[in-house]
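Inside the fold
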Amino acid sequence: MPADLRTLYSQLKKEFSSPRCDLKLCGTLLSKLKLGLIEAGLLLPQENPNPDDLAVTREILEIGAFWSIRAKDVPSFDRYFSQLQTFYVDFNDVLPPSPRQYPLQGLNLIRLLTQNRIADFHTTLEALPEEALHDNAFIKHPVNLERWLMEGSYSKVWGAREEAPAEEYKFFVDSLMGTIRNEIASCGEAAYESLPVHDAAALLFFQSQNDLITFATQRGWQVDLVSQTIVFTRKGEEKAEIPTKEMIAASLGYAKELEQIV
Amino acid sequence: MAATKDKETPEVAETAKATPPPPPPKPTPTAEIKANLLLIERAVSTLEPRFTQRVLRTLTSLRKKLTAQVLNQAVNEAYVRDSPAKKALLAYIPTSAEMDIDPPSKTSTTSPNSTSSEPLPESDVYLRLLIILHLIDLDAHPKATELAHETVDKIHALNRRSLDSIAAKVYFYLGRLYEIADKVGEIRPLLLAAQRTASLRRDDDCQATLINLLLSNYLSANLYSQADKLVSKTTFPTSAGNTQLARYLYYLGRIRAVQLSYTEAHTHLQQAIRRASPARTAPGFWQTVHKLFIIVELLMGDIPERGLFRQPVLKKALVPYLQIVRAVRTGDLSQFQSALSVHAEQFTRDKTYTLILRLRHNVIKTGVRALSIAYARISLRDICVKLHLDSEEDAEYIVGKAIRDDVIDARVDHAKGWMVSARRGEGVDGVYATAEPRENFQKRIGFCLDLHNQSVKAMRYPLNAHRKELASVEAAREREKELAKEIVEGDLEDDDDDTGGPMADF
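In this report, the structure presented in the accompanying data block is examined. Here the structure is a predicted model, which means the values were calculated and not measured.

Criteria and thresholds
- Residues numbered from 1 in each chain as written.
- Chains lettered and ligands numbered in written order.
- Predicted model: local features only at pLDDT ≥ 70, side-chain atom pairs only at ≥ 80, totals over all residues.
- Heavy atoms only, no water.
- Buried < 20%, exposed > 50% of the residue type's maximum accessible area, 1.4 Å probe, protein only.
- Helix = DSSP H or I, 4+ residues; strand = E, 2+ residues; numbered from the N terminus.
- Pairing = 2+ DSSP bridges.
- Phe/Tyr/Trp six-rings, centres within 6.5 Å; stacked < 30°, edge-to-face > 60°.
- Lys NZ or Arg CZ within 6 Å of the ring centre and 35° of its normal.
- Axes fitted to C-alpha atoms, helices over the stretch in contact; angles between N-to-C directions.
- Contact = heavy atoms within 4.5 Å.

For the rest of this paragraph, the subject is the pairing of strand β2 (residues 410-413) of chain B. Alternating positions in β2 of chain B separate cleanly, Ala410 and Val412 of chain B being buried on one face and Arg411 and Asp413 of chain B remaining unburied on the opposite face. Counting the residues that bridge the hairpin from β2 of chain B to strand β3 (residues 418-421) of chain B gives four residues, and of these Gly417 of chain B lies at a positive phi of roughly 70 degrees.

Moving on: the packing of aromatic side chains. Two measures describe an aromatic ring pair: the distance that separates the ring centres and the angle between the ring planes. In this structure the tally under the stated criterion is 11 aromatic pairs over all chains. Each ring, one from Phe206 of chain A and one from Phe215 of chain A, has its centre 5.3 Å from the other, and the planes form 55 degrees; the classification is tilted. With respect to burial, Phe206 of chain A and Phe215 of chain A carry one shared label: buried. Taking 5.9 Å as the distance between ring centres and 70 degrees as the angle between the ring planes, the aromatic pair formed by Tyr250 of chain B and Phe285 of chain B counts as edge-to-face. Note that Tyr250 of chain B is positioned in helix α13 (residues 242-258) and Phe285 of chain B in helix α15 (residues 283-299), a separation of 35 residues in sequence. Residues Tyr250 of chain B and Phe285 of chain B agree in their burial class; the two are buried. An aromatic cluster of at least three residues, connected via ring pairs, comprises Tyr154, Trp158 and Phe205 of chain A together with Tyr397 of chain B. Over the face of the ring belonging to Trp418 of chain B we find Arg377 of chain B, whose NZ or CZ atom lies 4.3 Å from the ring centre.

Let us now look at the sheet that holds strand β2 (residues 222-224) of chain A. Residues and elements named next belong to chain A. With respect to topology, three strands assemble into an open sheet ordered β1-β3-β2, the strand pairing being antiparallel. Edge positions in the open sheet fall to β1 (194-196) and β2, since each of these has one partner strand only. Going from strand to strand, the sheet's axes swing by 20 degrees on average, the running direction of each strand aside. In this sheet, strand β3 (residues 229-231) lies alongside β2 in antiparallel orientation, the contact comprising three bridges. Bridge assignment links Val223 to a residue of β3, and that residue is Ile230.

Attention shifts here to the side chain of Asp394 of chain B. Topologically, Asp394 of chain B is positioned in helix α23 (residues 392-404). Classification of Asp394 of chain B as buried rests on a relative accessible area of 2%. Residues within four places of Asp394 of chain B in sequence aside, it is in contact with Gly152, Ser153, Tyr154, Ser155 and Lys156 of chain A.

Take a look at the structure:
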């Protein structure tokens, strides 16, 4: 690894771990480093690279992934994470385990969850070792969230938002809460005829009534301020139409087939 | 032990190819190998792959009879006296007392085609395959792997279509050897390269085997996304044998189940079960597929048939699964949890643990449905107690979600804190008022018609069988002609009579 890369790397490390880190500076450092890594043939390692260099590359990418979250740049996180996959899976035997591996994998899981990519979520989960699912706090958190979301225990999800095992997890909390609110709202529309405003706010985890009312108008609910109730507009019962065309097509199909048999 | 048994599965499935062996009196293994070599030669000279197929079909029964002596003799007979290839091969055969040749050093490499009277490459590879099998049975895995590698290199250099089906077997056992050695990661590049070559050469046998090997390779390392990509980038050869197809469908079902496409997974697994060889010949595969099948069925919200658990082959293997099914059927969350924790190890070994964890909310759903049917009105507090939920708040959300997902037809009265069930399935509002019965009817008729058409297509017409019929048709036609003639003649006679009358009068 060239010397200037090393200096850049130590600069980045120092800047990133300082309490008031300059995200912009980190960003420029990272893009310089990435260029350097490509020139050194380390970003996509081939043949038999030096394990030390690999470990440094891995750390740079890990910092990049965390930086993306802090800079609220999810696509960039996605890129860093897929580049890291090589280091976590293929160089598993060569490299010492990274302390940041599980936090990042957990973050990736939450990202999939907030984007509602449940199938990808489970595929990723299968690739993780068994112990991690049970014991690792970083992995357990998204796993529990998914389970509660599937069952409908939304209050537990709400309760768990403060229990995030790492600072970066909180970035996803907001979008997760948005997802949950929409879920609860659609359940509510089906389950209730009307709800007192106060209770609706509690169910949807709104602190102020105003937030609730904007949310309600977005979803097209009728808010009766006098009696302080929300009336859910029921979707009119779908008219039972006879699907004539389909039935004709089916009958003609039967006739044709029967003709062939007889 | 059970783990190894499960790993054995593909092999067991492989053996299933064996249709009842030919009836003639049992020949000695040496004679059998000799006959097989002759068959292979015939296959090569007549370009008829079915002779090779016939040889491979006896592989399992022959495998049990292999000894060092038999192999030694076979190799000695097949090769000319001083061929280097022969020496190299003999080196792999474990030394036994009867051996009269000093085993030469193992490092000597084979140089094929050195003499003009070398056996055909096909026969050579077949003999090598037999030796590999024997070495596997003797637990001499490193040696077997070495030989298998050498053989694969040889196959690769040869590019002969008549070699394909034997080559597929060699690849299979090479993959199996790495599986035994637990080094599946190392063989992946070789398999991928071989797969590419096979598809370029349109070598269907190898392609089917290699795709399956790669899938099992990925799945054993839990690399589902890679497996999925492999499936999407390759087409499984349609001419592949039933056993390979069954395995492929099983892997496909497994991938889809993890990706939550349960309906698709269900179809694939069902096909795999139908295509698989009977339970008696391949119990391992049968059990593994059924385990996954049951879980997928549960995840879809169906309850598997009770009869399944009574089948002799499955009865014992499915006990833990039966308990899970019971818990889901009754919607008893605590029973589910206890069954899960008791059999956790078994489920982990079967790689169904994470799938079973997903069943938790199915259990809750079934529970809520049972309550909604039983009670016209029930308080959220009681729901919470009956389903062992953590809080009333949760119960409210869960019921809400169940209503939205159309699991139950009910309303929640928030102020009074209870759930009111709507009466369902009665009168005009029942399921018969919807389009569902029509759709189901259409689906079933469609299936029957398809089945009929497929069977018509699959019918075989023996050559020249219609000749006989033709002859009889000809005879019939002849008779008809005669009849027609007679009638015409009769008519004419009549005419004569009719016209003849007045004429006579003249």
